[in-house]
Amino acid sequence: MGSQENDRAILEEGLLQSERNGLYTGDSSVDFHGNPVLKQNTGNWKACPFILGNEGCERLAYYGISTNLVTYLTNKLHQGNVSAARNVTTWQGTCYLTPLIGAILADAYWGRYWTIATFSTIYFIGMCTLTLSASVPALKPAECVGFMCPPASAAQYIVFFLGLYLIALGTGGIKPCVSSFGADQFDDTDPAERVKKGSFFNWFYFSINIGALISSSFLVWIQDNAGWGLGFGIPALFMGLAIVSFFSGTKLYRFQKPGGSPITRMCQVLVASFHKRNVKIPGDSNLLYEVQDKSSAIEGSRKLEHSNELKCLDKAAVISDAELKSGDFSNPWRLCTVTQVEEFKILIRMFPIWATGIVFSAVYAQMSTLFVEQGTMLDTTIGSFRIPPASLSTFDVVSVIFWVPVYDRFIVPMARKVTGNGRGFTEIQRMGIGLFISILCMSAAALVEIKRLELARELDLVHKPEAVPLSILWQIPQYFLLGAAEVFTFIGQLEFFYDQSPDAMRSLCSALSLLTTALGNYLSSFILTIVTYLTTRNGQPGWIPDNLNEGHLDFFFWLLAALSFFNSLLYIVCAKRYRPKKAS
């Protein structure tokens, strides 16, 4: 028995020495079999192509559905403009709400690898179901005859929305885990690898938009010209390729062990601090409870340094006289470690920054809804070629593809000289720049709509549901500005919620960043509903009628620009008060 303990001690000392020498990772990562991993054989950029390939194919599949979905709902399922826009934003919101499910499973039980694998399968089944609903004649309504458009039956709606919401569930295990799993391939304790991780988030978002570029151009054209069965079938094929790409890199991946339920740990802090609400907090924070081991009591997590904010939660880590006498510190519902308390504090500190992302996501939601509907009322022809309105989102993607390498290769080195920050801008600064650009985006959309409505009045088209002779290419600036805003805000969010989150809560924090997109879509639906209700009273057509020539879509865009402006002011206040985490 003693010999076994000595052997284990020698092995642990050897691993620690190898870690100090830089042979093994220092962030508690393991290989597929749970063993410590050598840096030279695993992770880093050698593992990333499989993850980026998976993300690129999955995003192609997702955008192959979402980019032109509003057109399918209006032209094939014969829904009205407001109803179709509301269904799209509600579905997209759900796609960004389900990541909470996947994140909790990944952090608490399955780990990121198996969560991605399981939910990818659900995703693929949903894609196949959606393809069938658009391919089998009995599963879709008949075509319109003149102005007579037969509505879809209940069964047809059930099959279509079953496939659509299986996809939404499938995204729940992929979205919060893939970016974090990719970042896990870089050792956070190695300064060189930590810098590379900053570039990973840029190229991760770049791969997303390569998939989106193909979807918004080639696939939208296929859907509008060759049929929706093929237009949905190709994304289903690419989802299959995404799964193959992910599994192909298994031997090269670094894995983080799940640390137990973060929800449970937060509840334990609340319960313990309430139970000890009358206990006095010691003046010396070193007297608060913490395990003496190198690692924290939470699996796969480093210790966190004590902070002086939210001191009421520190009571959960105060050792009571009874616990001191008994020597029993094992009940986490009565006594929590400093690291566990700091986990909860970090989430609370991140909340104001997180909340300001909701309005930005509401702006972003217009790209696949009202921007498309605006485009249908513009001149979509260039010579003999007709541009599908949804394809204009290609310019958003082109903008992202343009700005990512420019930001990574040019802006960051220049900003680094000014700020002294290794990444050029802090995540906080980067997100703030994106929020400002979003104001310009909505203003550009409003100006285009003002010109469009002027032409409609001049040509007596107000009461005719006809496009005005204004080129759809005038929408390019609003899409290009939205792409620039994405590069700053969304990538900044990816970095912020990964770097600032506790080690054992990274999937959950990534899901929280995605939740802003869900709430932004729901906010967009809510604003649409309220605006429609208020502007259609007394028989008025409202701001967003089925015939946009009779409405005032420009007023809606100005409303979002105003909300974005006040949101940016609130963000500046929150950003100045934010204090980053400190890991020991």
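Since the structure is predicted, the reported quantities are computational estimates derived from the model, not experimental observations.

## Some thoughts on the overall build of the chain
Move 1: Within the chain one finds 18 helices and two strands.
Move 2: The C-alpha radius of gyration of the chain comes to 26 Å, within 12% of the 25 Å expected for a compact globule of 584 residues.
Move 3: Seen through its C-alpha atoms, the chain measures out along the principal axes to roughly 90 × 50 × 50 Å.
Move 4: When burial is assessed residue by residue, the chain has 56% of its 584 residues classed as buried.
Move 5: Considering only contacts in the chain between residues 6 or more positions apart, those separated by 24 or more positions represent 82%.
Move 6: Accessible surface, the chain as shown: approximately 24600 Å² in total, 65% of it carbon and sulfur.
Move 7: One finds the centroid of the 46 positive side-chain charges in the chain at a distance of 4 Å from the centroid of its 46 negative side-chain charges.

## What about the packing of aromatic side chains?
Move 1: For the structure on display, the rule yields 47 aromatic pairs.
Move 2: Centroid distance Tyr-364 to Phe-490: 5.1 Å. Interplanar angle 85 degrees. Geometry classified as edge-to-face. Placement of the pair is Tyr-364 in helix 12 (residues 357-364) and Phe-490 in helix 16 (residues 476-499), with a sequence separation of 126 residues.
Move 3: Looking at Tyr-364, the relative accessible area reads 11%, which means it is buried.
Move 4: Among the residues examined, Phe-490 registers a relative accessible area of 10% and is labelled buried.

## Some words on unusual backbone geometry
Move 1: A positive phi angle, near 50 degrees, is found at Leu-310, a position not held by glycine.
Move 2: Tracing the backbone shows Leu-310 in the loop between helix 9 (262-275) and helix 10 (321-326).
Move 3: Although it is not a glycine, Asp-460 adopts a positive phi angle of roughly 60 degrees.
Move 4: Within the secondary structure, Asp-460 is located in the loop between helix 15 (427-458) and helix 16.

## Thoughts on the packing of helix 6 (residues 154-183) against helix 7 (residues 191-225)
Geometry of a packed helix pair, given as the angle between the helix axes and the separation of the axes.
Move 1: It is at 9 Å that the axes of helix 6 and helix 7 come closest, and there the two elements cross at 145 degrees. Helix-helix and strand crossings are classified by hand; for helix 6 and helix 7 the assignment is right-handed. In contact with Val-178, Ser-179, Gly-182 and Ala-183 of helix 6, helix 7 contributes Lys-197, Phe-200, Phe-201 and Phe-204.
Move 2: Residues belonging to the contact of helix 6 with helix 7 are distributed by class as follows: five nonpolar, two polar and one charged.

## Re the pattern of salt bridges
Move 1: If you walk through the whole model with that rule in mind, you get 13 salt bridges.
Move 2: When the shortest N-O distance is used, the salt bridge between Arg-59 and Glu-58 registers 2.8 Å. The exposure classification of Arg-59 matches that of Glu-58, with both residues buried.
Move 3: When the shortest N-O distance is used, the salt bridge between Glu-495 and Arg-430 registers 2.8 Å. With Glu-495 in helix 16 and Arg-430 in helix 15, the pair connects residues that are 65 residues apart, well separated along the chain.
Move 4: Classification of Arg-430 by relative accessible area gives buried; the value is 2%.
Move 5: The structure contains a network of salt bridges with shared partners spanning Glu-55, Glu-58 and Arg-59.

## Looking at the side chain of Asp-396
Move 1: Mapped onto the fold, Asp-396 is located in helix 14 (residues 393-419).
Move 2: Buried and unpaired, Asp-396 has no salt bridge, with Arg-59 as the nearest side chain of opposite charge at 11 Å.
Move 3: In terms of polar contacts, Asp-396 uses its side chain to reach the backbone amide nitrogen of Gly-483, at 3.1 Å.
Move 4: Those residues in contact with Asp-396 that sit more than four places away from it in its chain are Asn-209, Met-367, Tyr-479, Leu-482, Gly-483 and Glu-486.

## With respect to a nonpolar patch on the surface
Move 1: Nonpolar side chains collect at one region of the surface, where Phe-32, Tyr-109, Trp-110, Trp-114 and Phe-247 lie side by side and expose about 560 Å² of accessible area between them.
Move 2: Mapped onto the elements of the fold, Trp-114 is located in helix 5 (residues 99-135).

## Some words on the state of the cysteines
Move 1: As enumerated under the stated definition, the model contains zero disulfides in all.
Move 2: In this structure Cys-48 is not part of a disulfide, and its nearest cysteine sulfur, from Cys-57, lies 16 Å away.
Move 3: Take Cys-267: it sits in no disulfide, and the sulfur closest to it among the cysteines is that of Cys-336, at 11 Å.
Move 4: Owing to a relative accessible area of 35%, Cys-267 belongs among the partly exposed residues under this scheme.

## Things to note about the domain arrangement of the chain
The figure often quoted for interface size is the accessible area lost as the parts come together.
Move 1: Domain boundaries assigned for the chain yield domain 1 (17-259), domain 2 (262-343) and domain 3 (347-583).
Move 2: Relative placement of domain 1 and domain 3: their C-alpha centres are 21 Å apart.
Move 3: Between domain 1 and domain 3, the contact holds 54 residues from the first and 54 residues from the second.
Move 4: Contact between domain 1 and domain 3 buries roughly 4500 Å² in total, counting both sides, with carbon and sulfur atoms accounting for 61%.
Move 5: Looking at the side of domain 1 facing domain 3, the largest losses of area belong to Tyr-96, Asn-202 and Tyr-205, adding up to 15% of the total buried there.
Move 6: At the boundary of domain 1 with domain 3, the tally comes to zero salt bridges.
Move 7: Counting across the domain 1 and domain 3 interface gives eleven residue pairs in polar contact (both at pLDDT 80 or more).
Move 8: Looking at the side of domain 1 that touches domain 3, the elements that each hand over two or more residues are helix 2 (44-66), helix 3 (69-75), helix 4 (81-95), helix 5, helix 6 and helix 7.
Move 9: The dominant element in the side of domain 1 that touches domain 3, judged by the number of residues it contributes, is helix 7, at 19 residues.
Move 10: Residue composition of the side of domain 1 that touches domain 3, grouped by class: 25 nonpolar, 20 polar and nine charged.

Reading the values: the criteria
- Residues numbered from 1 in each chain as written.
- Predicted model: local features only at pLDDT ≥ 70, side-chain atom pairs only at ≥ 80, totals over all residues.
- Heavy atoms only, no water.
- Helix = DSSP H or I, 4+ residues; strand = E, 2+ residues; numbered from the N terminus.
- Rg over C-alpha atoms; globule rule 2.2 N^0.38 Å.
- Buried < 20%, exposed > 50% of the residue type's maximum accessible area, 1.4 Å probe, protein only.
- Contact = heavy atoms within 4.5 Å.
- Areas by Shrake-Rupley, 256 points an atom, 1.4 Å probe, with all protein chains shown as cover.
- Lys, Arg positive; Asp, Glu negative; His and termini not counted.
- Charge placed at Lys NZ, Arg CZ, Asp CG, Glu CD.
- Phe/Tyr/Trp six-rings, centres within 6.5 Å; stacked < 30°, edge-to-face > 60°.
- Axes fitted to C-alpha atoms, helices over the stretch in contact; angles between N-to-C directions.
- Left-handed = near helix turned anticlockwise from the far one by under 90°.
- Nonpolar A, V, L, I, M, F, W, Y, C, P; charged D, E, K, R; others polar.
- Salt bridge = Lys/Arg side-chain N within 4 Å of Asp/Glu carboxyl O.
- Polar contact = N/O pair within 3.5 Å; in protein donor to acceptor, adjacent residues only side chain to side chain.
- Patch = residues over 30% accessible without salt bridge, like charges linked within 9 Å, V, L, I, M, F, W, Y side chains within 5 Å.
- Disulfide = S-S within 2.5 Å.
- Domains from an automatic or database assignment.
- Buried area = accessible area lost by both parts, 1.4 Å probe.

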